[in-house]
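# Geometric and topological summary
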There are 2 protein chains.
Amino acid sequence: MSTRLAARADRERQIVAATRLLFDEQGVQEAAIDGVARAVGINKALIYRHVASKEELLVRLFEGRTEKVLAEVAAAASGAGSPRERLSAMARAYVLGVLRNLDSVHVYLREEHSLPPSALQQVHREQKAMRDHFERVIVEGTSRGDFVQGDPKLAALALLGMCTWVHRWYRPRGRLTESAVADDFAERAVRMLSP
Amino acid sequence: MSTRLAARADRERQIVAATRLLFDEQGVQEAAIDGVARAVGINKALIYRHVASKEELLVRLFEGRTEKVLAEVAAAASGAGSPRERLSAMARAYVLGVLRNLDSVHVYLREEHSLPPSALQQVHREQKAMRDHFERVIVEGTSRGDFVQGDPKLAALALLGMCTWVHRWYRPRGRLTESAVADDFAERAVRMLSP
C-alpha cells in the first residue's frame, strides 16, 4: 500500500472509531458530523471526502463485524463433533461476537431504523443466515434424539435472544470475563434443548 | 367521575395511543408533538394542557405497564407449587407481559436514553425488582436440588434475555399465538435450569 493510501485507511479508521463513540453517547439523531470531525481533529469539509452522510457512517460501523461472527458460527456449525458439541461452540462464538462488539451492537439495535434500506436488507440477510445455522444444527440434533422435540425456529430464536441480550447487561472489566459468560451461555444453550 | 373528567381522561388515552404509534414509526427524536396533536385531531396548544413535553409523553407510555407485569410475576413467585412450577408461571407471565405491550417495549428499548433521569431510575428499579424475583426462586430451587448449580444472577439474566427478546421477532396475527409462545418459553426456562 502506498503511504498515501495507508494514511487514508488510517484516517478512515479514526473516523469510524470516533463515530462509534459519538453515536453511542448521543444517539444517531443527536450526533452531528461536526462532532466526528472535531473528535478526529479535522474539518468538516475534509470528512466528506471519506463519507457521504451520517447514514453511511452508521453503515461503516457494522461493516465486516457481523460477517466475521457469522463466519465463526458457520465454521462451528459445520465442524466435527455431535450436534450438542457444535451447538455449544456456536453459542460460544456468538456470545463472544456480541461481547467483543458491544458498542456496535448497542448502536445498531437502537438505530436500526436509521439505516438506509439497502444496508437494512443486508443486516436482515445476515440475521437470517445466523438463525438458519442454529436451526439446521437443532434439527439435526432433534432427529438424532439429542435434543427435545419442538419448534426448531422457536428454539433458535430463544437461544439467540438469550445470547444477544448480554449486550444489555455485560460490563467490561466487571466480575465476569467474556469467556466466562460465553462458556456459561454455551452450556445453558445445550441444556435448554436437552431432554 | 364527572363528564368533564371523563372527557379529559378519554382525551389523554387518545394522546398516549397516538404517541405510541408515532414514536414507534418515527423514533422519539424525529416525532414532534404537532404530529401527536394532528393524529388526535386537536391543536398543539391544547396538547400542552395535558402534557408538558415530549419526554413526559414518553414516560406516560410506560406508566402502569411494567408495574402490572411485575405484580403478576411477583404473585407467581410467591404462589403455591415447587420452584420449577413457580419459575414456569413467572416466565409465562413475563413473556405475556412483553407480548401484550410490544409497541411500548419497542419504543422503550430504543428510547431509554431519552427518558428523564427520574423516570429512568424508576425503570431501573423495576428491572432490578424483576430480576430479584427470578433470582430468588432460582436460588430456592437450586438449594433443593431442583435446579443445576450455577450463578443465579447469570441464570436470571439469561432467562430474562430469552424472554425479552420475543419483542424483536414476534408478529401479532402470525403463526403463533401469544399463549403458544409463552407456554413454550416457560418450558424452555425450566429446562435451561434443570439438571
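Starting afresh in each chain, residues are numbered from 1 along the sequence in its written order. Working convention: letters from A go to chains and numbers from 1 go to ligands, in the order in which they are written. Only residues with pLDDT of at least 70 are given local features in this predicted model, and only at 80 or more are side-chain atom pairs given and counted; all residues enter the totals for whole chains, interfaces and linings.

The next thing to look at is the interface of chain B and chain A. Residue-level contacts link 20 residues of chain B with 20 residues of chain A. Here a strand is any run of E in DSSP of at least two residues, a helix any run of H or I of at least four, and the numbering for each starts at the N terminus. Listed by contribution, the elements that provide at least two residues to the side of chain B that touches chain A are α9 (152–164), α10 (166–169) and α11 (178–193) of chain B. Ranked by the residues each element gives to the side of chain B that touches chain A, the list is headed by α9(B), at 6 residues. Note on residue categories: nonpolar means Ala, Val, Leu, Ile, Met, Phe, Trp, Tyr, Cys or Pro, charged means Asp, Glu, Lys or Arg, and polar means any other residue, Gly included. Looking at the side of chain B that touches chain A residue by residue, the class counts come to 9 nonpolar, 5 polar and 6 charged. Contacts are defined on C-beta atoms placed from the backbone: any two residues whose C-beta positions lie within 7 Å are in contact.

What follows concerns the packing of helix α9 (residues 152–164) of chain A against helix α11 (residues 178–193) of chain A. Residues and elements named next belong to chain A. Convention adopted: a line fitted to C-alpha atoms gives each axis, helices being fitted over their contacting stretch, and angles between N-to-C directions are expressed from 0 to 180 degrees. The geometry of α9 relative to α11 is characterised by a closest axis approach of 11 Å and an angle of 155° between their N-to-C directions. Considering the angle they form, α9 stands roughly antiparallel to α11. The interaxial crossing formed by α9 with α11 has right-handed handedness. Only F185, R188, A189, M192 and L193 of α11 make contact with α9, whose side of the interface consists of A155, A158, L159, M162 and C163. Oblique is the label for any angle not under 35 degrees, not over 145, and not in the 65 to 115 range, which are roughly parallel, roughly antiparallel and roughly perpendicular in turn. Take the far helix as your reference; a near helix turned counterclockwise from it by less than a right angle gives a left-handed crossing, and one turned clockwise gives a right-handed crossing.

Looking now at the relation of the copies chain B and chain A. Least squares is used to superpose the copies, and the fit set is the C-alpha atoms of residues whose pLDDT is at least 70 in both copies. Superposition record for chain B on chain A: RMSD 0.1 Å, screw rotation 180°, translation along axis 0.0 Å. Viewed as a symmetry operation, the transformation between the two copies matches a two-fold axis.

This part takes up α9(A). Take the residue count of a helix, subtract one, and multiply by 1.5 Å to get its expected span. Compared with the 18 Å implied by 1.5 Å per residue over 13 residues, the 18 Å span of α9(A) between its first and last C-alpha is a close match. Each residue is classified by how many other C-beta atoms fall within 10 Å of its C-beta atom, where C-beta atoms are placed from the backbone; a count of 20 or more means buried, 12 or fewer means exposed, and values in between mean partly exposed. Along α9(A), the residues classified as buried are P152(A), A155(A), A156(A), L157(A), A158(A), L159(A), L160(A), G161(A), M162(A), C163(A) and T164(A).

Our focus in this paragraph is the domain arrangement of chain A. All names here are of chain A. Residue ranges for the domains trace back to a domain assignment, done automatically or taken from a database. By domain assignment, chain A separates into domain 1 (3–53) and domain 2 (64–193). One C-alpha centre belongs to domain 1, the other to domain 2; they are set 30 Å apart. Between domain 1 and domain 2, the residue contacts involve 5 residues of the former and 7 residues of the latter.

Time to look at the environment of L102(A). Residue and element names in this part refer to chain A. Mapped onto the elements, L102 comes out in helix α7 (residues 102–111). For the pair formed by L102 and V166, sequence separation is 64 residues and the distance between their alpha carbons is 8.9 Å. Beyond its immediate sequence surroundings of up to four residues, L102 is in contact with H167 and Y170.

So, on to the nonpolar core. When a protein is soluble and globular, its nonpolar side chains tend to lie buried together. Note on terminology: a nonpolar core is a set of buried residues of type Ala, Val, Leu, Ile, Met, Phe, Trp, Tyr or Cys, with members joined through C-beta atoms within 7 Å. Ranked by internal contacts, the top residues of the largest apolar core, which has 95 residues, are V95(A), L159(A), V95(B) and L159(B). Non-local contacts of V95(B), meaning those with residues more than four positions away in its chain, are made with C163(B), V166(B), V181(B), A182(B) and F185(B).

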